[in-house]
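Descriptive analysis of the structure
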Amino acid sequence: MTNIADNIRKIQSEIPENVCLVAVSKTKPDEDLMVAYDAGQRIFGENKVQELTGKAERLPKDIQWHMIGHLQTNKVKYIAPFVSLIHAVDSIKLLKTINKEALKNNRVIPCLLQMHIAEESEKFGFKPEDIEQLSQETVFSELKNIRICGVMGMATFTEDQTQIRREFALLKNIFDRLKNSTFSEQEDFATISMGMSGDYPIAIEEGSNMVRIGSTIFGARNYNNVS
Ligand SMILES: *Cc1c(COP(=O)(O)O)cnc(C)c1O
């Protein structure tokens, strides 16, 4: 039996106070999210637009919903009215779409730039080589209905702790460079979203202040249950 409430309390007691815990509830039923909710958790992460909007409709309105997965431009409109943070912005085109949909909803949507830090080639995100260009980018301040609040990244899925640490250190380095260039005037460019169930202690040591944890809270995911 997975004790969701205990798992949340345990993680909360282990991580520093400045580190925000996103409970990654993808594939999990509403009941599981409610157990986490009753244990005090208010920030939940989902990676599919349809699942996210369904849960947001059914579950308590004070939940802050984070979109953590790859987002297609044609689906932005479904989450724009309520999403609290979009983690995986990986193109200027997507950013412009988010801005447009946020404007329609008369709000400013906080976003993170997803950086490709892993060696694996299939992962999304801006490349470290793009940083030079991103540090000269003026589009971020021109788009009034988005707010870039930091960066997000995923390490390679590997047992090699040294490699994971190196990739997280790279993301911290990218964050620092952007903080000192494009976003130097912006105090709320402050979030480094890195670390999942298998690697969040390393991520925190390397400077993470937002961890996205699923299976350690809710148990292993069974994708066969997903409709
Ligand atoms: C699923 C997912 C997580 C959580 O993964 P766990 O290993 O279950 O903690 C974190 N971030 C993203 C982007 C995910 O898709």
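The sections below set out a description of the structure shown in this document. Note that the structure is a prediction, hence the values are computed from the model and not measured.

Brief notes about the site of the ligand
Around the ligand, the surrounding shell consists of Val24, Lys26, Ile68, Met152, Met154, Met196, Ser197, Arg212, Ile213, Gly214, Ser215 and Arg221. In this structure, Gly214 approaches the ligand through a main-chain N or O atom, which is 2.8 Å from an oxygen atom. When grouped by side-chain class, the residues that make up the shell around the ligand number six nonpolar, three polar and three charged.

Quick look at the nonpolar core
Ile86 and Ile98 are the most contacted members of the largest nonpolar core, which totals 62 residues. Sorting elements by how many residues they give to this core places helix α8 (residues 161-179) first, with six residues. Listed in part, the seven residues of the second largest apolar core include Val22, Ile43, Leu112 and Met152.

A short note on the environment of Tyr200
Along the polypeptide, Tyr200 turns up in helix α9 (residues 200-205). The class of Tyr200 is buried, set by a relative accessible area of 8%. As for Tyr200 and Met210, which are separated by ten residues in sequence, their C-alpha atoms are 9.3 Å apart. Sequence-distant contacts of Tyr200, that is, excluding residues within four places in its chain, are made with Ile11, Glu14, Ile15, Gly195, Val211 and Ile213.

Structural notes on the packing of helix α1 (residues 4-14) against helix α2 (residues 30-38)
Orientation of α1 relative to α2, taken along the N-to-C sense of each, is 45°, at an axis distance of 8 Å. As the angle between them shows, α1 and α2 are arranged oblique. Between α1 and α2 the crossing geometry is right-handed. Of α2, the residues touching α1 (which contributes Ile4, Ala5 and Ile8) are Asp32, Val35 and Ala36. Among the residues making up the contact of α1 with α2, the classes are represented as five nonpolar, no polar and one charged.

Cut-off values and rules
Residues numbered from 1 in each chain as written. Predicted model: local features only at pLDDT ≥ 70, side-chain atom pairs only at ≥ 80, totals over all residues. Heavy atoms only, no water. Near = heavy atom within 4 Å. Polar contact = N/O pair within 3.5 Å; in protein donor to acceptor, adjacent residues only side chain to side chain. Nonpolar A, V, L, I, M, F, W, Y, C, P; charged D, E, K, R; others polar. Core = buried A, V, L, I, M, F, W, Y, C linked by side-chain atoms within 4.5 Å. Buried < 20%, exposed > 50% of the residue type's maximum accessible area, 1.4 Å probe, protein only. Helix = DSSP H or I, 4+ residues; strand = E, 2+ residues; numbered from the N terminus. Contact = heavy atoms within 4.5 Å. Axes fitted to C-alpha atoms, helices over the stretch in contact; angles between N-to-C directions. Parallel < 35°, antiparallel > 145°, perpendicular 65-115°, else oblique. Left-handed = near helix turned anticlockwise from the far one by under 90°.

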